[in-house]
Number of protein chains: 2
Amino acid sequence: MTASPPTGDELVDMLAALSHPLRVRIIASLAARRNYVSGLAREIGISRPLLHMHLRRLEAAGLIVGALELSDDGKAMKYYDVTDFDVRLSPSALAEAAATLTTADPGKGSHTKEQS
Amino acid sequence: MTASPPTGDELVDMLAALSHPLRVRIIASLAARRNYVSGLAREIGISRPLLHMHLRRLEAAGLIVGALELSDDGKAMKYYDVTDFDVRLSPSALAEAAATLTTADPGKGSHTKEQS
DNA sequence: TTCATATGTAAGAGAAACCTTTCAGGTGAA
DNA sequence: TTCACCTGAAAGGTTTCTCTTACATATGAA
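Conventions used here
Residues numbered from 1 in each chain as written. Chains lettered and ligands numbered in written order. Predicted model: local features only at pLDDT ≥ 70, side-chain atom pairs only at ≥ 80, totals over all residues. Heavy atoms only, no water. Contact = heavy atoms within 4.5 Å. Buried area = accessible area lost by both parts, 1.4 Å probe. Salt bridge = Lys/Arg side-chain N within 4 Å of Asp/Glu carboxyl O. Polar contact = N/O pair within 3.5 Å; in protein donor to acceptor, adjacent residues only side chain to side chain. Helix = DSSP H or I, 4+ residues; strand = E, 2+ residues; numbered from the N terminus. Nonpolar A, V, L, I, M, F, W, Y, C, P; charged D, E, K, R; others polar. Pairing = 2+ DSSP bridges. Buried < 20%, exposed > 50% of the residue type's maximum accessible area, 1.4 Å probe, protein only. Least-squares fit on C-alpha atoms with pLDDT ≥ 70 in both. Near = heavy atom within 4 Å.

Glancing now at the interface of chain A and chain B. At the junction of the two partners, chain A supplies 36 residues and chain B supplies 36 residues. Regarding the contact of chain A and chain B, the summed buried area is about 3,100 Å², with carbon and sulfur atoms giving 68% of it. Area buried by chain A at its contact with chain B is led by Arg 25, Leu 89 and Pro 91 of chain A, which between them contribute 21% of it. Taken together, chain A and chain B are joined by 2 salt bridges. Inspection of the chain A/chain B interface yields 4 residue pairs in polar contact (both at pLDDT 80 or more). Of all the secondary-structure elements, those providing two or more residues to the side of chain A that touches chain B are helix 1 (8–18), helix 2 (21–32), helix 3 (37–44), strand 4 (87–89) and helix 5 (91–98) of chain A. Residues belonging to the side of chain A that touches chain B are distributed by class as follows: 23 nonpolar, 7 polar and 6 charged. Bridge count for strand 4 of chain A against strand 4 (residues 87–89) of chain B is 3 bridges, and the pairing is antiparallel. From the neighbouring strand, Arg 88 of chain A faces strand 4 of chain B, where its bridge partner is Arg 88 of chain B.

Now for the pattern of salt bridges. All names here are of chain A. Going through the model one piece at a time under the given rule, you end up with 10 salt bridges over all chains. A salt bridge links Glu 43 to Arg 33, with the shortest nitrogen-to-oxygen separation between them at 2.6 Å. Note that Glu 43 is positioned in helix 3 and Arg 33 in the loop between helix 2 and strand 1 (35–36), a separation of 10 residues in sequence. Exposure remark for Glu 43: the relative accessible area of 28% places this residue in the partly exposed category.

With that out of the way, let us pick up the relation of the copies chain A and chain B. Aligned on chain B, chain A shows an RMSD of 0.0 Å; the corresponding rotation is 180° and the shift along the axis is 0.0 Å. On this basis, the relationship between the two copies can be described by a two-fold rotation axis. Scanning chain A for the C-alpha nearest the rotation axis identifies Arg 88 of chain A, at a separation of 2.3 Å. Of all interface residues in chain A, 100% are interface residues in chain B too; the two copies therefore contact each other through one and the same surface.

Bringing the protein's contact with DNA strand D into the picture now. The environment of DNA strand D is formed by 23 residues, the closest being Ser 38, Arg 42, Arg 48 and Lys 78 of chain A together with Asp 73 of chain B. Side-chain polar atom of Tyr 36 of chain A to a phosphate oxygen of DNA strand D: 2.9 Å apart, as the coordinates give it. Side-chain polar atom of Arg 23 of chain B to a phosphate oxygen of DNA strand D: 3.1 Å apart, as the coordinates give it. Elements represented by at least two residues in the surface near DNA strand D include exactly helix 3, helix 4 (48–60) and strand 3 (76–82) of chain A together with helix 2 (21–32) and helix 4 (48–60) of chain B. It is helix 4 of chain B that provides the largest number of residues to the surface near DNA strand D, a total of 5 residues.

Where burial is concerned, most of helix 1 (residues 8–18) of chain B is hidden: 8 out of the 11 residues are buried. Considered for burial, the residues of helix 1 of chain B that qualify are Gly 8, Leu 11, Val 12, Met 14, Leu 15, Ala 16, Ala 17 and Leu 18 of chain B.

Have a look at this one:
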């Protein structure tokens, strides 16, 4: 297999990161060619602080990676690249992912009623 | 092909619907077997009103479908089934989806500066 | 009638996400 | 120095999401 399938928690984080039009557009732009923050902000047409927030979210989910590089004239530029994620989204795939969810598991383990 | 690929907007809605642990768990449970609202609420261990809200979200995204049926003893039960969605999530797939996004396209069309 | 099952909705609080504006630092060139 | 470019982050307001509690309705059985 190409990559280890994400855990349920990782998958949810990944889907949350991709559930925003701007972030999908960011991924699409970076998939075409890597770019630095200011350049990407101009290309997409949003403010740098806003883009910065979305980039943080995407990187936290492991969908992009940033690297600080020095341009020819000595400027510090942060370039971002998309990672090689490839996830399939289907009922059965989600069923597998759900098995590894760590979020508070309300009434599992046993079906004993807790009260009354 | 199995199904027409979702538009960018539909994909974002679908991802937003799946970006919650409870909703992933709901899909997983319904993928194992169809169920009605109250039964599903007991199985997952959450309140019915809360489940109702999540079901609405999932159905709005086209991931599940509900059907009102009558049980043997005449009770009206709303059964839910998962749909046969199957979406691939990769940089190139997102690039295609991004092309059909209808959300306010800040600085596209032409790179002319609007002000200054 | 009363109880237990089923359905749905509305009100309100708390938390999180989103976006803008503002600020602060660095470098190279004119 | 001043300007233009790059980086990051904090402050504040608005909106959306999430969840609980409570209410309203319908059915069959005891």
